[in-house]
Amino acid sequence: MGTTVMHGEEDANYRVPKQEPLHVQKEDLDAGALFVLKSKGSWMHCGYHLTTSIVAPPLLSLPYALTFLGWVGGISCLIIGALVTFYSYNLLSLVLEHHAHLGHRQLRFRDMANHILGPRWGRYYVGPIQFTVCFGAVVASTLLGGQCMKAIYLLSNPNGTMKLYEFVLIFGCLMLILAQIPSFHSLRHINLVSLLLCLAYSACATASSVHIGNSSKELKDYSLNGDTQDRVFGIFNAIAIIATTYGNGIIPEIQATIAEPVKGKMFKGLCVCYAVVAVTFFSVAISGYWAFGNRAEGLILSNFVSNGKPLVPKWFVLMTNIFTILQLSAVAVVYLQPTNEALERTFADPKSKEFSARNVIPRFVSRSLSVIIATTIAAMLPFFGDINSLIGAFGFMPLDFILPVVFFNLTFKPSKKSYIFWLNTSIAVVFSALGVIAAIAAVRQISLDAKTYRLFANV
């Protein structure tokens, strides 16, 4: 969008509001900011966190999204999603850098809303939807982890009797351990491994799709299924899937992990992340849709097994699922951080040492309870994917597409004659409308699938 926007330099249409020099005072941090959102990381660590939060196993649903959009619509939506989110995340970073430069570094999304929109917006809108989106991502990751474990089990033991909820509980036990990692910054090495894992399973998925597509003698069908109404709602469902796949929702919390000075570091981290996005999203989406056409499943890994028999070597399917499970654990623990921060702020004492008994015991109990609740929801509601689409429409759309451009316009006040102002306004209006329509499409899908819903169902 031009170096003017990205680096915050002045021109005729875009000027940083002139401020009187401020005496920066170190404010007392609450326990959540002090212990969970430690500002010690580099731009490379930031890139690891961003990649784990964005390049996650939901990208394996992209071929399915293309079944509703076709080649031109699907690839166009993928490109637009990448451009808009990269742009909006940079705007959010510029706003955070601006306030840090003035001596008011903001570490949380709700802090930004409080300062820019007013305290009610932070308390009653941004805070709740961010918590819902992030906790929803934890539940969805736990459910998907259980489903991948079950796939491995059935491949090894086709007549096995273990149920889905048992695998969800096993994954939940892994999460109980990872949830105790004290701070967001402490995840940097795990998230480096996560970055390598997402490249690995994306390469495996792409290779499997190409192999099956080349060896299959069936004609590939790329036509759109259903009547006109189904196709229209399918388009908006697909847009919601793509928006959720690009979604993040925790940009301020990730930027909070960067050591001062913060200027320019987030942009470098985003470049690392979107280099991985370009490699993974497009390869998986294009190869999966090319190989299976409108028969692409909600998770492309499901297409690699037909009637219980793998279409690629069994060890390759097992390896792909293992890579996916391992990265899901990293994704889930990243999206636990806003919950951990809130729990730490409520129950910990910032005046005591981080690893004192006064803080360790409440930390262990509260984090364990949050994981137990997420695991129980995932086990009870194996149809949570439908609910998560609704959460994505109401959550990721505002947090990642609308609020960043609104925050930028209100903070920097670009001229109403400038292209930046109108570009940002257009993004806010278009994605507000898409969010509402995608929410309606998600509610419709829930109503259609409701008759198949069963608690603790073995799906």
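Okay, so let's go over this structure. (Residues numbered from 1 in each chain as written. Predicted model: local features only at pLDDT ≥ 70, side-chain atom pairs only at ≥ 80, totals over all residues. Heavy atoms only, no water.)

## Brief notes about helix H7 (residues 164-178)
Since one α-helical turn is 3.6 residues long, residues separated by three or four positions face the same way. Counted only if it meets this: Numbering of helices and strands runs from the N terminus; a helix is a DSSP stretch of H or I covering at least four residues, while a strand is a stretch of E covering at least two. In a helix, the anticipated span is given by 1.5 Å times the number of residues less one. Three exposure classes are used, based on accessible area relative to the maximum for each residue type with a 1.4 Å probe and protein chains only: buried under 20%, partly exposed in between, and exposed over 50%. By definition, the arc is the one covered by directions from the helix axis to the C-beta atoms. The criterion used for residue contact is that any of the two residues' heavy atoms lie within 4.5 Å.
Along its 15 residues, H7 runs 22 Å from first to last C-alpha, staying within 8% of the 21 Å computed at 1.5 Å per residue. Listed in full, the buried residues belonging to H7 are Leu164, Phe167, Val168, Phe171, Gly172, Met175 and Leu178. Seen from one end, H7 has its buried residues packed into an arc of 145°, which puts them on one side. Turning to H7, the residues buried within the fold contact helix H6 (119-156), helix H8 (188-215), helix H12 (314-335) and helix H14 (357-380).

## A word on the packing of aromatic side chains
Threshold: Ring geometry is summarised as follows: Phe, Tyr and Trp rings, the Trp one being its six-membered ring, pair when their centres sit within 6.5 Å, and such pairs are stacked at plane angles under 30 degrees, edge-to-face over 60 and tilted between the two.
Applying the stated criterion to the full structure yields 16 aromatic pairs. An angle of 55° between the planes, with centres 6.3 Å apart, marks the rings of Phe109 and Phe407 as tilted. Of this pair, Phe109 sits in helix H5 (residues 109-116) while Phe407 sits in helix H15 (residues 384-412), placing them 298 residues apart in sequence. Its relative accessible area of 0% is what places Phe109 among the buried residues. Between Phe408 and Phe412, the ring centres sit 4.8 Å apart and the planes meet at 45°, which makes this aromatic pair tilted. Here Phe408 pairs with Phe412, and both are found in helix H15, just four residues apart, close to one helical turn.

## Points about the nonpolar core
Applicable threshold: In this description, a nonpolar core means a group of buried Ala, Val, Leu, Ile, Met, Phe, Trp, Tyr and Cys residues linked to one another through side-chain atoms lying within 4.5 Å.
Of all hydrophobic cores here, the largest spans 126 residues; its most connected members are Leu60, Tyr246, Tyr274, Phe281 and Phe407. Those residues within four positions of Phe281 in sequence are excluded, and the remaining contacts are Ile54, Val55, Leu59, Leu62, Thr245 and Tyr246.

## A few points about empty space enclosed by the protein
Inclusion rule: Only protein atoms enter the 1 Å grid used here. Points where a 1.4 Å probe fits but cannot escape make up a cavity, open sets with protein on both sides within 12 Å along at least five of seven lines make up a pocket, and a residue lines them when an atom lies within 4 Å of a point. Grid points are joined across faces, edges and corners, and a volume is the space filled by probe spheres set on the points. Each residue is assigned to one of three groups, with Ala, Val, Leu, Ile, Met, Phe, Trp, Tyr, Cys and Pro labelled nonpolar, Asp, Glu, Lys and Arg labelled charged, and all others, Gly among them, labelled polar.
Counted under the stated rule, the structure contains one cavity of 30 Å³ or more. Of the pockets and cavities examined, the largest cavity occupies roughly 50 Å³. Lining the largest cavity are Leu96, Glu97, Ala100, Arg105, Gln106, Gln255, Ala256 and Val262. Examining the composition of the lining of the largest cavity, we find that three residues originate from one element, helix H4 (residues 62-101), more than from any other. Its residues placed into classes, the lining of the largest cavity shows four nonpolar, two polar and two charged.

## Focus: the pattern of salt bridges
Close approach of charged atoms allows side chains with opposite charge to pair. Heads up, the rule is: Every case where a carboxyl oxygen of Asp or Glu lies within 4 Å of a side-chain nitrogen of Lys or Arg is listed as a salt bridge.
In this structure the tally under the stated criterion is 10 salt bridges. Note that Glu354 and Lys38 form a salt bridge whose closest N and O atoms lie 2.7 Å from each other. Here Glu354 is found in the loop between helix H13 (337-347) and H14, whereas its partner Lys38 is found in the loop between helix H2 (31-36) and helix H3 (43-54), with 316 residues between them in sequence. An identical accessibility class is assigned to Glu354 and Lys38; each is buried. Linking Arg444 and Asp230 is a salt bridge whose minimum nitrogen-to-oxygen distance equals 2.8 Å. In this pair, Arg444 sits in helix H16 (residues 419-449) while Asp230 sits in helix H9 (residues 228-246), placing the two residues 214 residues apart along the sequence. On the basis of relative accessibility, which here comes to 18%, the residue Arg444 falls in the buried class. Beyond isolated ion pairs, a larger network of salt bridges with shared partners links Asp30, Arg108, Arg110, Asp111, Glu341 and Arg345.

## Brief notes about the side chain of Asn248
The line we're drawing: Here a polar contact is recorded for every N or O atom pair within 3.5 Å, except that within protein the pair must consist of a potential hydrogen donor and a potential acceptor, and residues adjacent in sequence are included only if both atoms are side-chain atoms.
Along the chain, Asn248 falls in the loop between H9 and helix H10 (251-255). The class of Asn248 is buried, set by a relative accessible area of 0%. Here Ile251 takes part through its backbone nitrogen, which lies 3.0 Å from a polar atom of the side chain of Asn248.

Structural measurements only, silent on function.
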